[in-house]
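Notes for the structure review
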Amino acid sequence: MSDEDLKNILGGFYMITSIVVMRGSDGKSKSKFQFHQYNRRFVSPLRFYNIFDTHVLHAPQSLDSGFHQSIMNYLVGAFKPPCNIFVSFADGRSRKQVPLKKENGKTVMAALFQSQESIVGEVVIEPVHRKKVEHNGVKIELLGQIGLLYFLMSFIFISELYFDRGNFYDFTSLVRELDIPGELYERKTYPFEFSTVEMPYESYNGVNVRLRYILKVTISRNYVSNIVEYQEFVVRNYTPTPSINNSIKMEVGIEDCLHIEFEYSKSKYHLKDVIIGKIYFLLVRIKLKNMELEIRRRESTGSGPNTYVETETLTKFELMDGAPVRGESIPIRLFLSPYELTPTYQNINNKFSVKYYLNLVLVDEEDRRYFKQQEITMYRLLETS
Amino acid sequence: MIADGVEDEEKWLAAGIAGLQQNAFYMHRALDSNNLRDALKYSAQMLSELRTSRLSPHKYYELYMRAFDELRKLEMFFKEETRRGCSIVDLYELVQHAGNILPRLYLLCTVGSVYIKSKEAPAKDVLKDLVEMCRGIQHPVRGLFLRSYLAQVSRDKLPDIGSEYEGHCRGCCGICASKLYGDEQIVGADAAPGTRPRKGEKREREERAKRSCNICDPQLVGKNLHVLSQIEGIDLDMYKETVLPRVLEQVVNCKDEIAQYYLMDCIIQVFPDEYHLQTLDVLLGAFPQLQPTVDIKTVLSRLMERLSNYAASSADVLPEFLQVEAFSKLNNAIGKVIEAQPDMPILGMITLYSSLLTFTLHVHPDRLDYADQVLGACVKKLSGKEKLEDKKATKQIVSLLSAPLDKYNDIVTALKLSNYPRVMEYLDSETNKVMATVIIQSIMKNKTRISTADRVEALFELIKGLIKDLDDAFHDEVDEDDFKEEQNSVARLIQLLHSDDPEEMFKIICTVRKHILGGGPKRLPFTVPPLVFSSLKLVRQLQGQEENPFGEEESTTPKKIFQVLNQTVETLSNIPAPELALQLFLQCAEAANDCDLEPVAYEFFTQAYILYEEEISDSRAQVTAIHLIIGTLQRMHVFGVENRDTLTHKATGVIFLLFHMFRKQLSIFQLYLTWALVFEQYSAKLLKKPDQCRAVYACSHLFWVDDQDNVKDGERVLLCLKRALRIANAAQQMSNAARGSAGSVTLFVEILNKYLYFFEKGNPQITVAAIQSLIELITTEMHSDSSTPDPAADAFFASTLRYMEFQKQKGGAIGEKYEPIKV
């Protein structure tokens, strides 16, 4: 890692002095807009998340939570389940598959649905070695879950972080009984259908929150633990092109030092959209080095005093290299398609929100960063292709 | 950011090249395996090496060239890729995903060139987009190179008219071109990144200037300008309507003095003269809008220089100049610029006017009023200011004033410019002199004849720095040689003034006289003689003509001239330069003699005598003076041709006046006697023996004038010579007594020569025997023990003997005469 890189990283957390935003040209409504101070202590929690999975291994209550399937599979594998369960969708061949990132970091392909679709398929249960499997009934559930990762901060010992990741909420739960109690001797196929399922929320895999849809097949048994199989699928909902889509235009600056005016052509973008814009330099009296546009995702979880906000910078897109002169205008053209974006989620089930911001950052020669953050709304446009 | 040391820079360059090559290697591998994603990834990484700020443009260029080569391969790959069915539009989008702007734009330009060739989109749109996106690079060096790259790759694709990409309107070409060009130039502006003006920080300014210079990597800028000039699509209309206004707008907006200067200069240098001429309005209109500190004068001067050269190139284009009223436009523009920049140093102002003048002279050689107008404007601007202290400014004025001289090769024309002397007034005396010298030299070079008194008057008004001490006479620390040089040139000038009309010539002389008389003691010795001689020339001219060809009332008579001369020379004797005055009086006397103006000659002689008596005290000077007087007197035929008695009487009067001793009638012989007395009187005290001796034998000529039979008194001649011999002898003895050795025999040899002269002339008193004995005397003297060997005298004697031998051998009447002499 070169010095320069290090500087950039550290620079991101430097304190930044205040900057005056001017709204409109009347000058009356000038207000100070605060520059956010990044406390370096916040760097540490970030690191913890990255090794989150290893923590989970030592957490006993996570076993049947269903949230950490991989761990469960691992534990179950020791006992070799007496039968194999396969869940397949009726239109599995033709249905679109999208990549889905699992907790273990692996990406698998998962079927894609949207709200109001009927989920039709079949469950195949195949006893291993033709062993007889006794059960108290077989059922399939369609669950919509939100998993939140909470932590309480101790202001004395940072290491004593407490993760409450067992908080799961099923916001949707549909059940179909597939079989009455009995015995299974051989491979058996159960068709199932959930028609016109209301799935208002999209699947989401964030830093502190996860929203997923699963099909859970349970073979209930006496005395021994149930045999459970999960099949996750992805839900995406499409919104039409918004009728009102104003541009974002604003003049910001530091008095007598820097006045810029920036303009983004729209305030609402679809996921494959292009951000087009321009930055006009009205007054430049500081030696700028470069300028970049950051796309930031702000994920806020919980509510009330337990709200935790996590912001991640998805990309830094360099817009300008060198020092501009007064009167210069710098074009912006940023294709959004390479980034893994989601639509903006507003207060999903009172549990979390995901918002997107464009952060325009100007860096001067002393590596001071001046920035202005603007929220943009993301939406998913039905892909015609 | 420029490297601290060359070594470090080398190191960084090496590191940059290494990184570049490594990524280029991976890129090649990706290209070979048709892996587009990897190819883009590694090419972007490769291009990231160009993001360095540590290299100077020169080193950066090395790095850039390597990247350039690699990008060619990438371009080939993109071409193949599109052939394989990859959409060029997708490719165009794909390369824009790169996060760093510099690699992104390099890739974009590379794809863009393929895009244009594919003709899937109008070339102008693609180009416009590329140019627009390139604005993201505001760093001067990197920006310059990037734009250069863009220019390179799109050079053959710019939508020229008539090219295969035709079909776009001509205006578009203009837009593209001007954008490209403008952006290119804006880079120059960025050369000075500190946009905050800081007063007093001179160092920073210098640094900026230096950096700006660095930016002006001639290779690159040259390349880009070349590209622009290759765009055939730009014709005059488009240039006028699109290109120039846009470029100027860019220039005005960039607000940086160094850049603006550079840009304006570029514009002027890059486009053809004809275009400039036709768009003079627009171009000039931009000047007052530039920053007040921009070095406009140089730019404008260059423009005018170009236009002048254009005008000079062919006479056909001159009507165009008239048509667009180039002069008045330029004149107005200069006025505006000077108004807009109140801080402009005088130097700048003068430079502007100087160039304008040059322009005017080239374009409107016939319009003298224009030139005068320029000078007038210059005077107006200069007025209210003290005399110029600034050396450079004065230098400029000199060149300003020299311009008309050079052009017209004729001071007469310059003399017609009424404002000319007024401009000169603003020079300090030093420069004034220089200017005057320039003027004189011009006259000399061109042998200009200034033949009217009015012009002479004007001319002397111009060069008065040379002929008078201007106001500040006290700090006259001029180098003696320089002063002489100057005055000599004035003297030459005076010689050049000539008119065939005696009347006018006389006027000229009077004018000159009027001017030079104020010159003071130091100048008069230089200036009076030429005036005297040119007057004498006039006298002789008049003399050559028929008796009084003019009417009775004719004012110019030799007499009158002599009067003037008398007064003139008299001033010399006052200053004091008696020797010179004496010589001049004698010259005048001789001329008067030739004119048969006896009283005048007499008067001049009187003056000469008075001078000799009263002023000349140095013995050597006296000797010279005596020789001169004797020489002149000898030629004076007026004395004694007609009325010898009267003449002698008058001559006596002269002598009387001189010595206050004799008041009796003297013949020429008596005159000589008087002279002898004079010598005896004065020489005893003043003259050294040899001088005395020489004076005496010189006097002998007074008694023997070849062409006047009545002045051939052989006896007196012999007397003179004998006397001379005596003196020589005495000198010899004195020297013997004083130093113990005999002096040189030179005097004897000289006297021998006189003997021979008169012998040949047939003076009966000079006998063979006398000569013979003299020769013997000399020989004895030479061989005596006490004599000091004197090679010069020996040689002189030997050659005298040889001469005699020669005459003998030649035979004839003279030879026969020599025959009896034994050597």
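Per an unreviewed UniProt entry, chain B carries the name Vacuolar protein sorting-associated protein 35 and comes from Gossypium australe. Looking at chain B in UniProt, the text filed under Function (unreviewed entry) is "Plays a role in vesicular protein sorting."

As annotated in an unreviewed UniProt entry, chain A carries the name Vacuolar protein sorting-associated protein 26A-like and comes from Gossypium australe. Here is the UniProt Function (unreviewed entry) comment for chain A, exactly as written: "Plays a role in vesicular protein sorting. Component of the membrane-associated retromer complex which is essential in endosome-to-Golgi retrograde transport. The VPS29-VPS26-VPS35 subcomplex may be involved in recycling of specific cargos from endosome to the plasma membrane." The UniProt entry for chain A carries the following text under Sequence similarities (unreviewed entry): "Belongs to the VPS26 family."

Each helix and strand counted, chain A has four helices and 26 strands in total. Relative to its 385 residues, chain A shows a buried fraction of 47%. Sequence separation of 24 or more characterises 68% of the internal contacts of chain A that already satisfy a separation of 6 or more. Carbon and sulfur atoms make up 50% of the accessible area of chain A, which totals about 20100 Å².

Another point: helix 19 (residues 368-382) of chain B. Residues and elements named next belong to chain B. Look at helix 19: 21 Å from first C-alpha to last across 15 residues, which is about the 21 Å you get at 1.5 Å a residue. Within helix 19, eleven of the 15 residues are buried, which leaves the element mostly enclosed by the surrounding structure. For helix 19, the set of buried residues is Leu368, Tyr370, Ala371, Asp372, Val374, Leu375, Gly376, Ala377, Cys378, Val379 and Leu382.

With that settled, consider the interface of chain A and chain B. Listed per partner, the contact involves 26 residues of chain A and 28 residues of chain B. Of the roughly 2300 Å² buried at the junction of chain A and chain B (both faces included), carbon and sulfur atoms supply 48%. Of all residues in chain A, A:Glu318, A:Asp321 and A:Arg333 give up the largest surface area on contact with chain B, accounting jointly for 27% of the area buried on that side. For the pair chain A and chain B, the number of links is five salt bridges. We note a salt bridge from B:Asp129 to A:Arg333, for which the minimum N-O separation is 2.2 Å. Summed over the shared surface of chain A and chain B, the result is 14 residue pairs in polar contact (both at pLDDT 80 or more). Only strand 20 (274-284), strand 22 (308-321) and strand 23 (329-335) of chain A provide two or more residues apiece to the side of chain A that touches chain B.

Residues other than glycine seldom take positive phi values, yet A:Gln116 does so here, at roughly 70 degrees. Summarising the element assignment, A:Gln116 is placed in the loop between strand 5 (107-113) and strand 6 (119-127).

Moving on to the sheet that holds strand 13 (residues 188-194) of chain A. Residue and element names in this part refer to chain A. Pairing in this open sheet of three strands is antiparallel, and the strands run 3-6-13 from one edge to the other. Edge positions in the open sheet fall to strand 3 (83-89) and strand 13, since each of these has one partner strand only. Going from strand to strand, the sheet's axes swing by 20 degrees on average, the running direction of each strand aside. Note that strand 3 and strand 6 share seven bridges and pair antiparallel. If you follow phenylalanine 89 over to strand 6, its bridge partner there is glycine 121.

Turning next to the environment of B:Tyr92. If you trace the backbone, B:Tyr92 turns up in helix 4 (residues 88-94). Each C-alpha atom, one on B:Tyr92 and one on B:Leu107, is 8.8 Å from the other, the two residues being 15 residues apart in sequence. Excluding anything up to four places from it in sequence, B:Tyr92 contacts A:Arg333, B:Leu108, B:Val111, B:Gly112, B:Tyr115, B:Val126, B:Asp129 and B:Leu130. A polar contact of 2.6 Å, which involves the side chain of B:Tyr92, links it to the side chain of B:Asp129.

Once that is clear, we can look at the confidence of the model for chain B. All names here are of chain B. Per-chain confidence: chain B averages 71 in pLDDT, with 69% of residues scoring 70 or above. Low confidence marks residues 159-219, where pLDDT is under 50. Its contacts with residues over four positions away, or in another chain, come to 119 contacts. Throughout residues 679-686 the model reports pLDDT below 50, and contacts reaching past four residues in sequence, or to other chains, amount to 15 contacts. This prediction of the complex comes with two scores: 0.49 for pTM and 0.73 for ipTM.

For the coordinates displayed, the defined rule picks out 25 aromatic pairs over all chains. Summarising the aromatic geometry, the rings of B:Phe77 and B:Phe78 are spaced 6.2 Å apart at their centres and angled 50 degrees between planes, so their arrangement reads as tilted. For the pair B:Phe77 and B:Phe78, one class covers both residues: buried. Feature note: the residues B:Tyr60, B:Tyr61, B:Tyr64, B:Phe68, B:Tyr106, B:Phe145 and B:Tyr149 constitute an aromatic cluster, connected by ring pairs. Over the ring of A:Tyr169 we find A:Lys351, and its NZ or CZ is 3.8 Å from the ring centre. Here B:Arg72 stacks its cationic end above the ring of B:Phe68, 4.8 Å away from the centre of that ring.

Bringing the pairing of strand 25 (residues 352-364) of chain A into the picture now. For a regular strand, the rule is simple: side chains alternate between the two faces of the sheet. All names here are of chain A. Within strand 25, twelve of the 13 residues are buried, which leaves it mostly tucked inside the rest of the structure. Strand direction decides the pairing type here: strand 21 (residues 288-301) and strand 25, joined by 13 bridges, are antiparallel. Paired with leucine 288 across the bridge in strand 25 is aspartate 364. A loop of three residues connects strand 24 (residues 345-348) with strand 25, the two strands running antiparallel in sequence, and asparagine 349 in this loop sits at a positive phi of about 50 degrees.

Attention shifts here to the side chain of A:Asn237. Residue and element names in this part refer to chain A. Within the element layout of this structure, asparagine 237 appears in the loop between strand 16 (227-235) and strand 17 (248-254). Relative accessible area serves as the criterion here: at 16%, asparagine 237 is assigned to the buried category. Polar contacts involving the side chain of asparagine 237 include one to the main-chain carbonyl oxygen of proline 200, which spans 3.2 Å. Contact partners of asparagine 237, with chain neighbours within four places excluded, come to Gln114, Ser115, Met199, Pro200, Tyr201, Glu202 and Arg380.

Reading the values: the criteria
- Residues numbered from 1 in each chain as written.
- Chains lettered and ligands numbered in written order.
- Predicted model: local features only at pLDDT ≥ 70, side-chain atom pairs only at ≥ 80, totals over all residues.
- Heavy atoms only, no water.
- UniProt positions renumbered as here; feature names shortened; annotations may be inferred.
- Helix = DSSP H or I, 4+ residues; strand = E, 2+ residues; numbered from the N terminus.
- Buried < 20%, exposed > 50% of the residue type's maximum accessible area, 1.4 Å probe, protein only.
- Contact = heavy atoms within 4.5 Å.
- Areas by Shrake-Rupley, 256 points an atom, 1.4 Å probe, with all protein chains shown as cover.
- Expected span 1.5 Å × (residues − 1).
- Buried area = accessible area lost by both parts, 1.4 Å probe.
- Salt bridge = Lys/Arg side-chain N within 4 Å of Asp/Glu carboxyl O.
- Polar contact = N/O pair within 3.5 Å; in protein donor to acceptor, adjacent residues only side chain to side chain.
- Pairing = 2+ DSSP bridges.
- Axes fitted to C-alpha atoms, helices over the stretch in contact; angles between N-to-C directions.
- pLDDT = per-residue confidence, 0-100.
- Phe/Tyr/Trp six-rings, centres within 6.5 Å; stacked < 30°, edge-to-face > 60°.
- Lys NZ or Arg CZ within 6 Å of the ring centre and 35° of its normal.

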